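Understanding the architecture of this molecule
The residues making up each chain are set out below.
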Amino acid sequence: MDQPGEGRLEFAQADHPAVPRAKIGVLIANLGTPDNYDYWSMRRYLNEFLSDKRVVDYPAYLWQPLLQLIILTKRPFTSGANYKSIWNTEKDESPLLTITKDQTAALAEQIAKRIDGDIMVDFCMRYGNPSTKSKVDEMVKAGCDRILFFPLYPHYAGATSATACDQFFRALMEQKWQPSARTVAPYFDHPAYIKSLADSVRQAYDAMEEKPEVLVASYHGMPKRYLLEGDPYHCQCQKTTRLLREELGWEDAKAQTTFQSVFGREEWLRPYTVDHVADLARQGVKRLAVIAPAFSADCIETLEEINEEIRESFEEAGGEQFTYIPCLNDDASHIAALTDVIEANLLGWTS
C-alpha cells in the first residue's frame, strides 16, 4: 500500500490517507453452497436461495408463508442428506467450493502468465459464503479501481447470471469510492468452451470398450413461462448441444437436450431428464452417457441428482450402462477457455 508522498500519492499532502496501488480485480461467481449439511446451515442457505425473486418470482405474500412454514421445515433434512452423500469430508466443504477454489487458483496462474498488469483474482458465491459483498469489499480495499465480474454460467438466465450481477451491483452501491465495473457475457457458444466439452466427451468415450448409444446433455431447468417471457436460456442451451454435436461430427439423435431439477407444480422446460432417460431405456437404449454443459463445476445437481437419481431412473427402466461425464471443473482446457474470455473482456484495461 502506498503511503502519503509515494507512488500514486506523490503529489498528495502529507496527511492524505494511504491509498493502495491501483489494480484490476477479476471476480468469478458461482451459485453458492451451504456451510455444512446440518439442518440450520441448510435452512439458512435454502432461505437465501429460495427467497430470491429471480429464482422464485411468486408474490411474497403467497410464497413466503409457504416457504417459511412448510418448505423450510422439511427440505433442509432431505437436502442435507443429499449434500452429506457428496460432501468433501477431508476439507469439510461442498465439492462446489473445493472446485471453485481450484478454478480460481488455476485462473490466477494463467492470467499472470498471459496478461500484463497487477490483477487480483478471487471468487464469490451468490448464496452462502464467501459472499459477493465481502469479496467486493476486499478488492476495493486492496486497490481494485476496476473489477471484471464473471458469473461462471455459460448460459444466461435470470435465475443465475442476472441475480449474480444484481448482487454484485448491490455491493458496489455501498462503496464510497466505487470502482469501474464490467460483467462478462454468456459464453455458451465460445469455440474454446465447445471444444473443451467435446474433448471431455471423447476422453470419456475412449476409456470405454462399449460406447454409449446416446449422449444426453442435461441442463438445469426453469419454468417454461420464463422462456415465453423472454429469457434466452432455453435457446442458448439448444445451441450448445448443436455446436457440441457438430464438433463431435455426430448425427442429431446421438446428442439430445434435456432439463433437470424440476421444482413445484408449474410446467418447466421439457423434456425432463429424469423421465427422458427412462424413456430411452424403454425404447431399447442400453448404454447412455450424460453431460451437464450448463454447470462450470460439479455440484449437488450433478454429483447427486445426475449420478444418483437420474442414473437410477435409467437403470430401473432397463438401462444397463450409465456414464456421467464430469463437468469441466479445473481441467486445463477449461481454464484456458475461461482465460480467453477474461482476456477479451479486459481489453482496454490491460496493455
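Figured I'd write up the structure that's included with this text. In this text the structure is predicted, and so the values were computed from the model without any measurement. (Residues numbered from 1 in each chain as written. Predicted model: local features only at pLDDT ≥ 70, side-chain atom pairs only at ≥ 80, totals over all residues. Heavy atoms only, no water.)

Points about unusual backbone geometry
We apply this condition: Numbering of helices and strands starts at the N terminus; helices are DSSP runs of H or I of at least 4 residues and strands are runs of E of at least 2. The rule is simple: take the accessible area with a 1.4 Å probe, protein chains only, and divide by the maximum for that residue type; under 20% is buried, over 50% is exposed, in between is partly exposed.
Omega for the peptide link from N129 to P130 comes to -5 degrees, which places this bond in the cis form. Relative to the assigned elements, P130 resides in the loop between strand 2 (119–128) and helix 4 (132–141). The backbone of N329 sits at a positive phi, close to 50 degrees, despite the residue not being glycine. Take N329: it is sitting in the loop between strand 8 (321–325) and helix 11 (332–345). With relative accessibility at 12%, the residue N329 sits in the buried group.

Observations concerning empty space enclosed by the protein
Inclusion rule: For cavity detection a 1 Å grid was placed over the protein atoms alone, and a set of points counts as a cavity when a 1.4 Å probe fits there but cannot get out; an open set counts as a pocket when protein lies on both sides within 12 Å along at least five of seven lines, with lining residues being those that have an atom within 4 Å of a point. Grid points are joined across faces, edges and corners, and a volume is the space filled by probe spheres set on the points. When residue character is reported, Ala, Val, Leu, Ile, Met, Phe, Trp, Tyr, Cys and Pro are called nonpolar, Asp, Glu, Lys and Arg charged, and the others, Gly included, polar.
The tally for this structure, following the rule as stated, stands at one cavity of 30 Å³ or more. Approximately 30 Å³ is the volume attributed to the largest cavity. Lining the largest cavity, in full, are L197, S200, I291, A292, P293, F295, P326, C327 and L328. A breakdown of the residues in the lining of the largest cavity according to their chemical character gives eight nonpolar, one polar and no charged.

Here's the deal with helix 6 (residues 191–206)
Cut-off, in case you're wondering: For a helix, the expected span equals 1.5 Å multiplied by the residue count minus one. For this analysis, residues touch if any pair of their heavy atoms sits within 4.5 Å.
Along its 16 residues, helix 6 runs 22 Å from first to last C-alpha, staying within 8% of the 22 Å computed at 1.5 Å per residue. Where helix 6 is buried, its residues touch strand 5 (214–220), helix 8 (233–248), strand 7 (287–291), strand 8 and helix 11.

Describing the nonpolar core
Using the following cut-off: Buried Ala, Val, Leu, Ile, Met, Phe, Trp, Tyr and Cys residues that are joined via side-chain atoms within 4.5 Å together make up what is termed a nonpolar core.
F150, Y205, L215, Y233, L288 and L346 are the most contacted members of the largest nonpolar core, which totals 73 residues. Element by element, the count of residues in this core is highest for helix 6, at seven residues. Discounting chain neighbours no more than four positions away, the residues touching F150 are L27, I28, A29, V184, Y187, L338, V341 and I342. Within the second largest apolar cluster, 33 residues are counted, among which are L46, V56, Y127 and L172.

Description of the side chain of T273
Quick note on the threshold: As used in this structure description, the phrase polar contact means that two N or O atoms lie within 3.5 Å; if the pair is within protein, one of them must be able to donate a hydrogen and the other to accept it, and residues adjacent in sequence are counted only when both atoms belong to side chains.
With respect to the helices, strands and loops of the structure, T273 is situated in helix 9 (residues 273–282). Here the side chain of T273 touches S218 through a polar contact of 2.8 Å, side chain to side chain. The residues touching T273, leaving out its near neighbours within four places in the chain, are V216, S218, T258, F259, Q260 and I310.

A closer look at the packing of aromatic side chains
In plain terms, the rule: Only Phe, Tyr and Trp rings take part, Trp by its six-membered ring, and two of them pair if their centres are within 6.5 Å. Stacked means planes under 30 degrees apart, edge-to-face means over 60, and tilted covers everything else.
Applying the stated criterion to the full structure yields 15 aromatic pairs. Arranged with centres 5.4 Å apart and planes meeting at 80 degrees, the rings of Y187 and Y193 form a pair that is edge-to-face. On the accessibility criterion, Y187 (4% relative accessible area) is buried. Ring geometry for Y219 versus F259: centroids 6.1 Å apart, planes at 40 degrees, classification tilted. Taken together, the positions of Y219 in strand 5 and F259 in strand 6 (residues 255–260) put the pair 40 residues apart, joining distant regions of the chain.

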